[in-house]
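Residue-level listing of the chains:
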Amino acid sequence: MKMRRKLIAGNWKMNLGIKESEKLASEIVKKTGSNILKKTDVLICPPFISIPAVSKILKNTGILLGAQNLSSENDGAYTGEISASMLHSAGCGYVIVGHSERRKYFHETNPVVNAKAVQSLKHGLKTIICVGETFQEREDEIFESIIIEQVRTALNDIPAGKMKDVIIAYEPVWAIGTGLNATPEQASAIHLLINNTAEEIFGKEISGELLIIYGGSVNAGNAYDILSAERIDGALIGGASLKADDFVFISDTASKLK
Ligand code: PGA
């Protein structure tokens, strides 16, 4: 079985213009030493409009580039949408699908998230599929079945051979941007559940290689505890990814773990 390399991903969300994106990307490049990149994959996901500019800055640095969303369609009359092949041509190797903000504000259902994942994988993009329960679902103690359903539907029709390009991000909705993070134990338990759900579909070999990362108020202060917990292979970071020092500190923390 292949070793799972840790992944630290920054989701800039709808922040920063092109100039500010260039500035932050340049700072991250400057501060991310080769010792970090030897051990850890570091990924930046800026807004669409900054992708070409950030792509130039990241060229030959070893830092990876991704988008925050894509269309489930190939091309054609879909005003305002961005396709997988456009992302590819702009230098993206990764894309995030099914972020809870997409689910909540843009009504993306599990089948929509699945269609987007199928589309991005077909075009060779590594695909971060986000899952996670709301506060109410945790209170109602139905969160495990919610997560299983999200994972199962998102992975529907994904060929086993494409699973090496899938990353699952567990992001409890109640922990995103709130300053409340899941405890390492809470997160680990869900990561194991996701692992087992993938194992039921694809078997031990493939699920054992699947990266499962955590997101939700990860910052420089809590990164060590979260990243060292069982079956946590990295982090998807919102707020703290907008500060070069914090983001690089978290990447460095990941790189120092076994
Ligand atoms: P946060 O966002 O780190 O600001 O909580 C995480 C995410 O939404 O990916």
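Up top you'll find the structure we're talking about.
Attention here is on the structure that accompanies the text. (Residues numbered from 1 in each chain as written. Predicted model: local features only at pLDDT ≥ 70, side-chain atom pairs only at ≥ 80, totals over all residues. Heavy atoms only, no water.)

### Thoughts on the overall build of the chain
Rule in force here: Numbering of helices and strands runs from the N terminus, with a helix taken as a DSSP run of H or I at least four residues long and a strand as a DSSP run of E at least two residues long. Here the radius of gyration uses the C-alpha set of atoms, whereas the globule reference equals 2.2 Å times the residue count to the power 0.38. Three labels apply to residues, based on accessible area from a 1.4 Å probe with only protein chains included: buried if under 20% of the type maximum, exposed if over 50%, partly exposed otherwise in between.
Within the chain one finds 12 helices and 8 strands. A globule of 258 residues ought to have a C-alpha radius of gyration of about 18 Å, and the chain, at 17 Å, matches this closely. If one aligns the C-alpha atoms of the chain with their principal axes, the spans along those axes are about 45 × 45 × 35 Å. Across the 258 residues in the chain, those meeting the buried criterion constitute 52%.

### Comments concerning the pairing of strand β2 (residues 40-45)
Stated formally: Any two strands between which DSSP finds at least two bridges are classified as paired.
Of all the 6 residues making up β2, 5 are buried; the element is thus mostly covered by neighbouring parts of the structure. Where strand β1 (residues 6-11) and β2 come together, 6 bridges link them in parallel fashion. The residue bridging A9 from the neighbouring strand is L43, located in β2. In terms of strand pairing, β2 meets strand β3 (residues 64-67) through 2 bridges, oriented parallel. Bridging from a neighbouring strand, L43 pairs with L64 of β3.

### Some thoughts on the packing of aromatic side chains
To be explicit about the condition: Stacked, tilted and edge-to-face are the three classes assigned to paired rings of Phe, Tyr and Trp, where Trp is represented by its six-membered ring and a pair needs centres within 6.5 Å; plane angles under 30 degrees give stacked, over 60 edge-to-face, the rest tilted. Here, a charge over a ring means that NZ of Lys or CZ of Arg falls within 6 Å of the ring centre while also lying within 35 degrees of the ring normal.
Scanning the entire structure with this criterion turns up 1 aromatic pair. Sitting over the face of the ring of F106, R102 holds its NZ or CZ atom 4.1 Å from the ring centroid. Directly above the aromatic system of F143 lies the positively charged group of R138, at a separation of 4.0 Å from the ring centroid.

### Observations regarding the site of the ligand
Under the convention used in this document: By convention in these notes, a residue is near a molecule or strand provided one of its non-hydrogen atoms lies within 4 Å of it. In protein, a polar contact means a hydrogen-donor-capable atom and an acceptor-capable atom, both N or O and within 3.5 Å, with residues adjacent in sequence counting only if both atoms are side-chain atoms; elsewhere, any N or O pair within 3.5 Å suffices. Here a cavity denotes grid points, spaced 1 Å and computed from the protein atoms alone, that fit a 1.4 Å probe unable to get out, and a pocket denotes an open set having protein on both sides within 12 Å along at least 5 of 7 lines; residues with an atom within 4 Å of a point are the lining. Throughout, a molecule is located in a cavity or pocket provided that more than half of its atoms lie within 2 Å of its grid points. Only Asp, Glu, Lys and Arg are considered charged, only Ala, Val, Leu, Ile, Met, Phe, Trp, Tyr, Cys and Pro nonpolar, and every remaining residue, Gly among them, polar.
Taken together, 13 residues sit near the ligand, with K13, H99, E171, G177 and S217 positioned nearest. Contact distances for the ligand include 2.8 Å between an oxygen atom and a backbone N or O atom of S217. In the environment of the ligand, an oxygen atom lies 2.8 Å from a nitrogen or oxygen atom belonging to the backbone of G239. In this structure, the ligand is accommodated by the largest pocket. Taken together, the residues of the shell around the ligand break down into 4 nonpolar, 7 polar and 2 charged.

### Details of helix α3 (residues 51-58)
Note the following rule: We call two residues in contact when some of their heavy atoms are within 4.5 Å.
Among the residues of α3, those classed as buried are I51, A53, V54, S55 and L58. Residues of α3 that are buried in the fold lie against α1 (18-31), β2, β3 and α4 (84-89). Within two residues after α3, N60 carries a phi angle of roughly 60°, on the positive side.

### Observations concerning the layout of surface pockets
Heads up, the rule is: Grid points are joined across faces, edges and corners, and a volume is the space filled by probe spheres set on the points.
Taken as a whole, the largest pocket spans an internal volume of roughly 660 Å³. Around the largest pocket, the lining comprises 32 residues; the ones closest to its centre are N11, K13, M14, Q68 and E101. Those elements giving two or more residues to the lining of the largest pocket turn out to be α5 (100-105) and β8 (234-237). Broken down by element, the lining of the largest pocket gets its largest block of residues, 3 residues, from α5. Considering only residue class, the lining of the largest pocket consists of 14 nonpolar, 14 polar and 4 charged.

### Overview of the sheet that holds β3
Applied cut-off: Between N-to-C directions, angles span 0 to 180 degrees; the directions come from axes that are lines fitted to C-alpha atoms, helices contributing only their stretch in contact.
Here we have 8 strands rolled up into a closed barrel, ordered β1-β2-β3-β4-β5-β6-β7-β8, and parallel in their pairing. Put simply, the sheet's adjacent strands are angled 25° from each other on average, direction ignored. Pairing of β1 with β8, which is carried by 4 bridges, proceeds in the parallel orientation. Paired with A9 across the strands is L236, a residue of β8. Relative to β3, α3 is tilted by about 170°, and along the sheet it contacts β2 and β3.

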